[in-house]
There are 2 protein chains.
Amino acid sequence: MASNKGVIFKAIPDSFPVIGEHMELVTREIDIKNFPLADGDILLKNQYLSLDPYLRGRMRDSQIESIADAFKLGKVLEGHGIGTVVKSNNRKYQVGDYYYGFIGWEEYTHVPADAVSGDEGLEKEISKSELPKSYFLGLFGMPGFTAYIGLNKIGKAKKGETIFISAASGAVGQVVGQIAKIKGLCVIGSADEELTKLCPNGIDIYFDNVGGETLDIALNHLKINARVIACGMISQYNTKNPYGVKNLMNVVTKRLLIQGFIVFDHYHEMEPFQKEMREWLKQGKLKYKEDLVEGIQNAPNAFLNLLTGKNFGKAVVKIC
Amino acid sequence: MASNKGVIFKAIPDSFPVIGEHMELVTREIDIKNFPLADGDILLKNQYLSLDPYLRGRMRDSQIESIADAFKLGKVLEGHGIGTVVKSNNRKYQVGDYYYGFIGWEEYTHVPADAVSGDEGLEKEISKSELPKSYFLGLFGMPGFTAYIGLNKIGKAKKGETIFISAASGAVGQVVGQIAKIKGLCVIGSADEELTKLCPNGIDIYFDNVGGETLDIALNHLKINARVIACGMISQYNTKNPYGVKNLMNVVTKRLLIQGFIVFDHYHEMEPFQKEMREWLKQGKLKYKEDLVEGIQNAPNAFLNLLTGKNFGKAVVKIC
């Protein structure tokens with residue numbers, strides 16, 4: 001018997017989740033050798049768990065529809081992760097293979113046949129790549145791709161333009177900033193009244209990760225025909241009283257475009273992204289910063305740090 | 001000597017303009033026969049003045065830049081209008097010709113050479129058309145074209161979609177609604193909590209003329225990938241304390257597009273608009289409602305009615 005520490009979704013938070021109240025650490029036992037697998041099932045030993053702001057949106061009443069399914073009360077929390085297969089009743093996976101997909105916030109995850117959603121292409125990459133495996137949860141994963149699609153496809157960034165990025169040290173923001181520099185944009189990555197000094201001629205693109213007051217201020221600094229890439233609004237995830245944005249008149253007078261997007265809609269376009277990122281990384285044009293904690297028992301606190309902006313770099317939990 | 005009644009911009013209003021305080025009716029004398037015209041100047045006898053919400057934005061401190069120039073304190077207010085030339089020192093205009101462009105809120109307007117900006121194409125149309133001349137200030141003018149460009153180019157309206165229009169009885173809204181019907185959209189033109197009943201499956205397009213709380217409510221009813229055509233925000237024109245829009249998280253979760261636009265940017269694309277509108281009008285598919293007042297002395301009150309939503313149809317002043 002092995003121990004299987006994990007984090008349970010215990011109650012729906014109204015504001016910031018509280019450890020013990022909404023997320024609870026539990027230790028269960030697991031008999032790996034005799035673990036019963038139905039046809040198509042696999043059992044994973046988890047290696048890396050990605051912590052992402054959108055997970056806060058899954059801590060909601062399951063009656064409310066949104067981007068991703070609500071977490072189930074009493075069950076273990078989920079997230080993007082990398083595991084290795086320790087037992088398999090699925091002909092696609094052999095023991096020792098990498099699995100890239102949704103895993104539990106726990107040391108071992110049983111993935112039933114109908115939930116097996118591993119990304120074969122990325123799993124091959126992970127097994128042969130010399131890069132840290134966790135990079136595939138960030139730079140080459142959802143956050144990196146979010147940065148790439150948001151900047152290029154939604155924002156149509158052009159050389160010589162000025163971009164302002166909120167949460168610029170986060171998983172998405174750090175990649176946005178670097179790609180923008182590679183493309184020859186002028187990059188501003190901090191948020192306060194100093195915008196007038198930093199961008200005396202105004203902002204062409206605002207890559208918005210935080211929403212609320214920062215968005216409100218940015219609206220006043222945007223140029224005519226500027227674009228707001230609405231990627232996330234982390235300042236609004238932990239409140240029932242959202243901030244009221246007052247400067248929307250700029251949308252009309254400056255002919256602004258505000259475009260929301262969800263990276264999940266663009267996964268079929270991943271190839272050029274991965275190719276360019278690999279190239280830039282190899283050439284040293286791109287650097288990648290992770291904020292790594294060890295042990296699944298530290299995931300809840302790391303998640304809270306992420307929600308309060310205390311992380312510097314992509315938040316990842318190294319599980320084993 | 002003739003009398004020349006007009007309306008002077010007397011002071012900058014903080015909220016709704018007050019007659020006497022911010023707009024003042026004056027009667028001046030004008031000697032038409034001996035009126036001195038410099039080279040290129042013309043003198044107009046005004047026939048129709050268009051009252052449009054954006055004029056409120058021109059009642060501001062001239063230090064603040066915006067779409068259209070600020071009105072000059074102590075000078076007569078301006079607007080789109082139609083006049084006939086009563087005296088000309090400009091080889092383009094003969095006495096009796098129609099003039100279509102900016103005129104004063106007054107009975108006679110002296111247009112100096114450098115301000116002569118008449119639209120030759122429309123002037124020809126007006127002189128030969130059997131339609132009421134005032135239609136060229138609405139249906140065939142700026143508001144009609146705003147509706148057309150907003151719906152087609154910005155909103156990319158498609159058959160079978162559901163559109164919600166605020167200020168649907170106004171100059172722009174009434175045209176939006178009718179074109180949308182011609183194109184086979186399901187049209188909803190009122191604003192309250194009834195949206196859930198009227199659009200149980202949600203809204204694909206919101207044509208926003210009012211902003212503020214109506215925009216906030218609409219955001220909650222939009223479908224995934226819906227579009228907001230940000231045409232105007234009349235609810236916010238008369239306050240220094242704009243409404244705070246709280247439901248912008250929908251922009252991210254529903255991948256919304258919010259696109260502001262100003263019709264002035266699209267005037268080079270007017271031809272297909274005029275052609276289609278003429279056709280639809282002839283076929284009886286399109287009707288047009290004007291809210292017409294007579295006498296320039298009634299312009300200030302009609303403008304206030306427009307700002308408070310009391311008009312039903314395009315607001316026009318018949319001057320003579």
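Above this text sits the structure in question.
Criteria and thresholds
- Positions within a chain are numbered from 1, following the residues in the order the chain's sequence is written.
- Throughout, the order in which chains and ligands are written sets their labels, letters from A for the former and numbers from 1 for the latter.
- The predicted nature of this model means local features are confined to residues of pLDDT at least 70 and side-chain atom pairs, given and counted, to a pLDDT of 80 or more, with totals for whole chains, interfaces and linings taken over all residues.
- Note that water and hydrogens are dropped before the side-chain values are worked out from all heavy atoms of the structure.
- For this analysis, residues touch if any pair of their heavy atoms sits within 4.5 Å.
- Summed over both partners, the accessible area (1.4 Å probe) lost when two parts come together is defined as the buried area.
- For this document, the term salt bridge refers to a Lys or Arg side-chain nitrogen within 4 Å of an Asp or Glu carboxyl oxygen.
- Here a polar contact is taken to be a pair of N or O atoms separated by no more than 3.5 Å, where protein atoms must pair a possible hydrogen donor with a possible acceptor and residues adjacent in sequence count only if both atoms sit in side chains.
- All residues other than Ala, Val, Leu, Ile, Met, Phe, Trp, Tyr, Cys, Pro, Asp, Glu, Lys and Arg, Gly among them, are scored as polar; the first ten of these are nonpolar and the last four charged.
- Criterion used throughout: strands pair if DSSP finds at least two bridges between them.
- Every helix listed is a DSSP run of H or I at least four residues long, and every strand listed is a run of E at least two residues long, numbered separately from the N terminus.
- Only residues with pLDDT of at least 70 in both copies contribute their C-alpha atoms to the least-squares superposition of the copies.
- Only protein chains enter the accessibility calculation, which uses a 1.4 Å probe. A residue is then buried if its area is under 20% of the maximum for its type, exposed if over 50%, and partly exposed in between.
- Only C-alpha atoms enter the line fits that serve as axes; for helices the fit covers just the stretch in contact. Angles between N-to-C directions range over 0 to 180 degrees.
- When an angle is under 35 degrees it counts as roughly parallel; over 145 it counts as roughly antiparallel; between 65 and 115 it counts as roughly perpendicular; any other value is oblique.
- To pair, rings of Phe, Tyr and Trp, with the six-membered ring standing in for Trp, must have centres within 6.5 Å; the planes then decide the type, stacked if under 30 degrees apart, edge-to-face if over 60, and tilted in the middle.
- The rule is short: NZ of Lys or CZ of Arg within 6 Å of the ring centre and within 35 degrees of the ring normal puts a charge over the ring.

Engineer: Whenever I open this one, the interface of chain B and chain A confuses me. Can you help?
Structural biologist: A common measure of how large an interface is: the accessible area buried when the components associate. Listed as interface residues are 28 residues of chain B and, on the opposing side, 28 residues of chain A. Buried area between chain B and chain A, summed over both chains or domains, comes out near 2,300 Å², and the portion from carbon and sulfur atoms is 67%. Counting the surface chain B buries against chain A, the share from its top three residues, Leu 248, Val 252 and Arg 255 of chain B, is 25%. Scanning the region where chain B abuts chain A turns up 2 salt bridges. We note a salt bridge from Asp 265 of chain B to Arg 255 of chain A, for which the minimum N-O separation is 2.8 Å. The tally of links from chain B across to chain A stands at 8 residue pairs in polar contact (both at pLDDT 80 or more). The residue inventory of the side of chain B that touches chain A, partitioned by class, reads 18 nonpolar, 7 polar and 3 charged. Inspection of the sheet shows strand S11 (residues 257-260) of chain A paired to strand S11 (residues 257-260) of chain B by 3 bridges, in the antiparallel sense. Bridging across to S11 of chain B, Leu 257 of chain A finds its partner in Gln 259 of chain B.

Engineer: Hey, could you run me through the relation of the copies chain B and chain A in this one?
Structural biologist: Applying a rotation about an axis and a shift along it to one chain copy brings it onto the other copy. Overlay of chain B on chain A (RMSD 0.0 Å): rotation 180 degrees, translation along the axis 0.0 Å. The two molecules are tied by a two-fold rotation axis, judged by turn and shift. Residue Gly 244 of chain B, judged by its C-alpha, is the member of chain B lying nearest the rotation axis, at 1.8 Å. In this assembly the copies share their binding face: 100% of the residues contributing to the interface of chain B also contribute to that of chain A.

Engineer: Before we go on, may I ask you to explain the pattern of salt bridges in this structure?
Structural biologist: Side chains that differ in sign of charge can pair as their charged atoms come close. Tallied over the entire structure, the rule returns 21 salt bridges over all chains. Between Glu 107 of chain A and Lys 5 of chain A there is a salt bridge, with the nearest N and O atoms lying 4.0 Å from each other. Here the residue Glu 107 of chain A occupies a position in the loop between strand S5 (98-104) and strand S6 (108-111), and Lys 5 of chain A occupies one in strand S1 (residues 2-9), the gap between them amounting to 102 residues. Note that Asp 52 of chain B and Lys 314 of chain B form a salt bridge whose closest N and O atoms lie 3.1 Å from each other. Here Lys 314 of chain B lies in strand S13 (residues 314-318) and Asp 52 of chain B lies in the loop between strand S3 (42-50) and helix H1 (54-58), a separation of 262 residues in the sequence. Given a relative accessible area of 0%, Lys 314 of chain B falls into the buried group.

Engineer: Can you help me understand the side chain of Thr 84 of chain A in this one?
Structural biologist: All names here are of chain A. Relative to the helices and strands, Thr 84 resides in strand S4 (residues 78-88). Residue Thr 84 is classed as buried on the basis of its relative accessible area, which comes to 14%. With sequence-adjacent residues up to four places away left out, Thr 84 is seen in contact with Leu 43, Leu 44, Lys 45, Gln 47, Gly 96, Asp 97 and Tyr 98.

Engineer: Looking at this model, I keep getting lost on the packing of helix H3 (residues 142-154) of chain B against helix H8 (residues 270-282) of chain B. Mind explaining?
Structural biologist: Helix packing geometry: the angle between the two helix axes and the distance between the axes. All names here are of chain B. Between H3 and H8, whose axes approach to 10 Å, the crossing angle comes to 100 degrees. Taken as axis vectors, H3 and H8 run roughly perpendicular relative to one another. Here Gly 144, Phe 145 and Tyr 148 of H3 lie close against H8, whose contacting residues are Met 270, Pro 272, Phe 273, Glu 276 and Trp 280. A breakdown of the residues in the contact of H3 with H8 according to their chemical character gives 6 nonpolar, 1 polar and 1 charged.

Engineer: Could you clarify how one ought to interpret the packing of aromatic side chains in this entry?
Structural biologist: Remark: the centre distance and the inter-plane angle together describe each pair of aromatic rings, the angle taken between the planes. All chains considered together, the criterion is met by 22 aromatic pairs over all chains. With a centroid separation of 4.9 Å and an interplanar angle of 45 degrees, the aromatic rings of Phe 145 of chain A and Phe 273 of chain A are classed as tilted. A residue pair is termed long-range when its members are at least 10 positions apart, and Phe 145 of chain A in helix H3 (residues 142-154) and Phe 273 of chain A in helix H8 (residues 270-282) qualify at 128 residues. Using a relative accessible area of 0% as the deciding quantity, one classes Phe 145 of chain A as buried. A relative accessible area of 0% means that Phe 273 of chain A is categorised as buried. Site record: aromatic cluster; members linked through ring pairs are Tyr 54, Phe 145, Tyr 148, Phe 264, Tyr 267 and Phe 273 of chain A. We note Lys 246 of chain B situated over the ring of Tyr 243 of chain B; from NZ or CZ to the ring centre the distance is 4.9 Å.

Engineer: Is there a simple way to explain the sheet that holds strand S9 (residues 203-208) of chain B in this structure?
Structural biologist: In any sheet, the strands associate via hydrogen bonds between backbone groups, in a parallel or an antiparallel arrangement. Strand order in the open sheet formed by 10 strands is S8(A)-S7(A)-S9(A)-S10(A)-S11(A)-S11(B)-S10(B)-S9(B)-S7(B)-S8(B), with mixed pairing between adjacent strands. Two strands lie at the open edges of the sheet, namely strand S8 (186-188) of chain A together with strand S8 (186-188) of chain B, each paired on one side alone. Strand-to-strand twist across the sheet, computed as the mean angle between neighbouring axes with direction ignored, equals 15 degrees. Two strands pair when backbone bridges link them, and strand S9 (residues 203-208) of chain A and strand S10 (residues 222-230) of chain A are joined in this way by 5 bridges, in the parallel orientation.

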